[in-house]
Amino acid sequence: QVQLVESGGGLVQAGGSLRLSCAASGNIFSINAMGWYRQAPGKQRELVAAITKRGSTNYADSVKGRFTISRDNAKNTVYLQMNSLKPEDTAVYYCKTSIAFVGDYWGQGTQVTVSS
């Protein structure tokens, strides 16, 4: 069994910052890619940022220069630092991990609300 626990969401004013965390635990041999997705009401879930085991990253165009993804392999944890938040960043944010020999797991989601 693998569990993902997300934290760090909340309500913030436009221009503010939040940091999301997602910790994986359980029967984990090795974690490959880790990433953050988001889903706003009435919209499809979209990739926000992803990071490989070796640290290569990619970002959605809408968050480049504002969000930073990082990971701590020793703690099986991925982070998303979100700066200069905009109302359009409001969504439920989900972490996803790809675990070797097991498959993909999703977190339960954490709400991020940015007020104007």
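Computed from a predicted model, the values in this text were never measured in an experiment.

Considering the pairing of strand E11 (residues 110–115)
Logical step 1: Going residue by residue along E11, you find Thr110, Val112 and Val114 tucked away on one face and Gln111, Thr113 and Ser115 left uncovered on the opposite face.
Logical step 2: Relative to E11, strand E2 (residues 10–13) is paired through four bridges, and the arrangement is parallel. From the neighbouring strand, glycine 10 faces E11, where its bridge partner is valine 112.
Logical step 3: In terms of strand pairing, strand E9 (residues 91–99) meets E11 through three bridges, oriented antiparallel. What sits directly across from alanine 91, in E11, is valine 112.

Description of the sheet that holds strand E8 (residues 77–82)
Logical step 1: With antiparallel pairing, the four strands of this open sheet are ordered in space as E1-E3-E8-E7. Whereas interior strands pair on both sides, the edge strands pair on one side only; in this sheet they are strand E1 (2–7) and strand E7 (67–72). Here the strands of the sheet are splayed against their neighbours by 15° on average, with no regard to which way each runs.
Logical step 2: Pairing between strand E3 (residues 18–26) and E8: six bridges, direction antiparallel. From the neighbouring strand, arginine 19 faces E8, where its bridge partner is glutamine 81.

The rules behind the values
Residues numbered from 1 in each chain as written. Predicted model: local features only at pLDDT ≥ 70, side-chain atom pairs only at ≥ 80, totals over all residues. Heavy atoms only, no water. Buried < 20%, exposed > 50% of the residue type's maximum accessible area, 1.4 Å probe, protein only. Helix = DSSP H or I, 4+ residues; strand = E, 2+ residues; numbered from the N terminus. Pairing = 2+ DSSP bridges. Axes fitted to C-alpha atoms, helices over the stretch in contact; angles between N-to-C directions.

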